[in-house]
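# Chain and residue survey
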Amino acid sequence: MSVRTTEEAEPGAEDGRAGAAARKREQHGWYFYDFACSVYSTSVLTVFLGPYLTAVAKAAADSEGYVHPLGIPVRAGSYFAYTVSVSVIVAVLIMPLVGAVADRTGRKKPLLAVTAYTGAAATAGMFLLDGDRYLLGGLLLVVANAALAVSMVLYNAFLPQISTPDERDTVSSRGWAFGYTSGALVLLLNLVLYQGHDSFGLSEGEAVRICLASAGLWWGAFALIPLRRLRDRAVVREPGAGPAVSGWRQLVATLKDMRRYPLTLSFLLAYLIYNDGVQTVISQASVYGSEELELEQSTLIVAVLLVQVLAVVGALGMGRLARAYGAKRTILGSLAAWGLTLAAGYFLPARTPVWFFALAAMIGLVLGGSQALSRSLFSHLVPAGKEAEYFSAYEMSDRGLSWVGPLVFGLTYQVTGSYRDAIISLVFFFALGFVLLARVPVRRAVRAAGNPVPERI
């Protein structure tokens, strides 16, 4: 069923300065959702929760090092990776329905509010994670991670509506830069608390739990800004059953409709694969650093802080490269850099922070740009009026289907007992993604979706 906004297909069609000013206001508000939720990805998923939940699982493990969620024997060192996989499978089941409902009703903001505050509440609840409560930790991780993924469907779906085609690389890159800026700021505060926990009268575990919970409070507080500034667009749809009744029918229709745009699907396949590698590195890097390289938690925090700072530079710098060389070529260059970085990571010696910092710097320079440009490139391949539906498929590639990488990482460790083997296994995702993306004719894909082709893409 075709659903279109009542405005022009091309965003920014409003006349005069008032329209441009309104668009800029929405863009500035849109940036702040990245600012709000990125602290979860940074402080929770990347830095603290992996090592902490692993330690909690080990405290609950039997004499052979296994925990038994639902009676299933799981090596304690693999529990976090498996839980991440479960969380994104849950998100897969929810995201397409939410995207279809958002496009049918035009009410993205209320849905964004529900998912944002569900995730923020689950994250704040991680303060209760102590002792051997690994099952509680796994449950809160599943809820928070799935809520974040669903909220990003709605957030990303605003991008084609608040920016013109020639603005999207810049707007998307600035959103990522805002996110990495907030991640760096909060992580710096976390570092002060963690390093000085004795002087604050806290145990190390209490300091970690406060850092986890503070990410949820930050997420909830700054989500208010986009919820005030973004506006829903009215839609014109055929009369029939309400969206709650017809959501699954709309999902089936969306999947069938996407077959009409095979080049868009080709891009999604490439993105699914290489981004699976990106998301796995983000979620498992701290586990690799603590368990395999035997680095202190404070070293990991400083390394991730370095990633955050350089990711801002990388996102803005690669945005400029995209204006000169096109988004596709710039992304391909970043994928080559990702593969080389992971290969170097395999050979890092243990207990040598300086080499880990060098690796973090390499990751930071390509992380933000590869994500921002992938999002803006996909926005050109979405038929007008179907933004949330198509971005639900994109988000399934971004976070929702990024369960294969953590699963491969966890299985590799379970079989070999080596995190080095686990980290090198991820090179495959970047190599295959590079090959598939290189084969996508993006200009033809943009035209096939019925959108204007930017000068550089």
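### Some words on the overall build of the protein
Each helix and strand in the protein was counted, giving 18 helices and four strands. Considering only residue pairs separated by 6 or more positions, the protein has 85% of its internal contacts joining residues 24 or more positions apart. Of the roughly 17,700 Å² of accessible surface on the protein, 64% is carried by carbon and sulfur atoms.

### So, the packing of aromatic side chains
Across all of its chains, the model carries 21 aromatic pairs by this definition. Taking 4.6 Å as the distance between ring centres and 40° as the angle between the ring planes, the aromatic pair formed by Trp218 and Phe222 counts as tilted. Of this pair, Trp218 and Phe222 both sit in helix H7 (residues 204-222), separated by four residues, roughly a single helical turn. Taking relative accessible area as the criterion, Trp218 reaches 17% and is therefore assigned buried. Overall, Phe222 belongs to the partly exposed group, its relative accessible area being 25%. Residues Phe428 and Phe429 carry aromatic rings whose centres are separated by 5.8 Å and whose planes lie at 75° to one another, so their mutual orientation is edge-to-face. Through a chain of ring-to-ring contacts, the aromatic side chains of Trp30, Tyr31, Phe32, Tyr33, Phe35, Tyr155, Phe178, Trp218 and Phe222 assemble into a single cluster. Its end group placed over the ring of Phe158, Lys108 keeps NZ or CZ at 5.8 Å from the ring centre.

### What about a positive patch on the surface?
A contiguous patch of positive charge, built from Arg329, Arg443, Arg444, Arg447 and Arg456, is present on the exposed surface. When residues in the positive patch are grouped by element, the largest group, three residues, is from helix H18 (residues 442-448).

### What to know about a nonpolar patch on the surface
On the surface, Phe127, Leu128 and Ile210 cluster together into a nonpolar patch covering about 250 Å² of accessible area. Positionally, Ile210 belongs in helix H7.

### Quick notes on the packing of helix H6 (residues 168-195) against helix H11 (residues 297-325)
Where H6 meets H11, the closest approach of the two axes is 9 Å, and the angle between their N-to-C directions is 165°. Compared by their axis directions, H6 and H11 come out roughly antiparallel. In this structure, H6 meets H11 at a crossing whose hand is left-handed.

### Structural notes on the environment of Ala234
Within the secondary structure, Ala234 sits in the loop between helix H8 (224-229) and strand E4 (235-236). In this structure the C-alpha to C-alpha distance between Ala234 and Thr105, which are 129 residues apart in sequence, comes to 7.6 Å.

### Quick notes on the side chain of Asn156
With respect to the helices, strands and loops of the structure, Asn156 is situated in helix H4 (residues 134-157). You can call Asn156 buried: its relative accessible area is 1%. There is a polar contact of 3.1 Å between the side chain of Asn156 and the side chain of Arg375.

### Observations regarding helix H2 (residues 79-105)
Between its first and last C-alpha atoms H2 spans 39 Å; for 27 residues at 1.5 Å apiece the expected length is 39 Å, and the two agree. Within H2, the axis deviates most sharply at Ile94, by approximately 30°, and proline Pro96 lies no more than four positions further along. The buried fraction of H2 is high, at 20 of 27 residues. Directly beyond the C-terminal end of H2, a positive phi value near 75° is found at Gly106.

### Considering the pattern of salt bridges
Going through the model one piece at a time under the given rule, you end up with eight salt bridges. Across the pair Glu167 and Lys24 runs a salt bridge, and its minimum N-O distance is 3.9 Å. One end of the pair, Glu167, is in the loop between helix H5 (159-162) and H6; the other, Lys24, is in helix H1 (residues 16-60), with 143 residues separating them in the sequence. Exposure remark for Glu167: the relative accessible area of 15% places this residue in the buried category. Residue classification places Lys24 among the partly exposed residues on the basis of a relative accessible area of 35%. Here Asp34 makes a salt bridge to Arg375, at a shortest N to O gap of 3.6 Å. With Asp34 in helix H1 and Arg375 in helix H13 (residues 353-379), this pair connects stretches of sequence that are 341 residues apart.

### Structural notes on the packing of H11 against H13
In helix packing, the relevant descriptors are the interaxial angle and the interaxial distance, both defined with respect to the helix axes. The geometry of H11 relative to H13 is characterised by a closest axis approach of 6 Å and an angle of 40° between their N-to-C directions. For the crossing formed where H11 meets H13, the hand is right-handed. When the residues that make up the contact of H11 with H13 are grouped by side-chain class, the tally is 20 nonpolar, seven polar and no charged.

### Quick notes on the confidence of the model for the protein
On average, residues of the protein carry a pLDDT of 84, and 89% of them reach 70 or more. Confidence drops under pLDDT 50 across residues 1-15; counting only partners more than four residues distant or on other chains, this segment forms 44 contacts. For the stretch residues 240-247, pLDDT sits under 50, and the model shows nine contacts to residues farther than four places along the chain or on other chains.

### Let's talk about helix H10 (residues 262-292)
Side chains three or four residues apart in an α-helix point the same way, a direct result of the helix having 3.6 residues per turn. The end-to-end C-alpha separation of H10 is 42 Å, in line with the 45 Å expected for 31 residues at 1.5 Å each. The sharpest bend along H10 reaches about 50° and sits at Gln284. With 24 of 31 residues buried, H10 is to be regarded as a mostly interior element. Positive backbone phi, approximately 55°, marks Glu294, located one or two places after H10.

### Comments concerning the environment of Gly77
When you line up the elements, Gly77 lands in the loop between strand E3 (74-75) and H2. Expressed as a C-alpha distance, the spacing of Gly77 and Tyr66, which sit eleven residues apart in the sequence, is 8.5 Å. Residues in contact with Gly77, not counting those within four places in the same chain, are Thr54, Tyr413 and Tyr419.

Reading guide: rules and limits
- Residues numbered from 1 in each chain as written.
- Predicted model: local features only at pLDDT ≥ 70, side-chain atom pairs only at ≥ 80, totals over all residues.
- Heavy atoms only, no water.
- Helix = DSSP H or I, 4+ residues; strand = E, 2+ residues; numbered from the N terminus.
- Contact = heavy atoms within 4.5 Å.
- Areas by Shrake-Rupley, 256 points an atom, 1.4 Å probe, with all protein chains shown as cover.
- Phe/Tyr/Trp six-rings, centres within 6.5 Å; stacked < 30°, edge-to-face > 60°.
- Buried < 20%, exposed > 50% of the residue type's maximum accessible area, 1.4 Å probe, protein only.
- Lys NZ or Arg CZ within 6 Å of the ring centre and 35° of its normal.
- Patch = residues over 30% accessible without salt bridge, like charges linked within 9 Å, V, L, I, M, F, W, Y side chains within 5 Å.
- Salt bridge = Lys/Arg side-chain N within 4 Å of Asp/Glu carboxyl O.
- Lys, Arg positive; Asp, Glu negative; His and termini not counted.
- Charge placed at Lys NZ, Arg CZ, Asp CG, Glu CD.
- Axes fitted to C-alpha atoms, helices over the stretch in contact; angles between N-to-C directions.
- Parallel < 35°, antiparallel > 145°, perpendicular 65-115°, else oblique.
- Left-handed = near helix turned anticlockwise from the far one by under 90°.
- Polar contact = N/O pair within 3.5 Å; in protein donor to acceptor, adjacent residues only side chain to side chain.
- Expected span 1.5 Å × (residues − 1).
- Bend = angle between axes of the 7 residues up to and from the residue.
- Nonpolar A, V, L, I, M, F, W, Y, C, P; charged D, E, K, R; others polar.
- pLDDT = per-residue confidence, 0-100.

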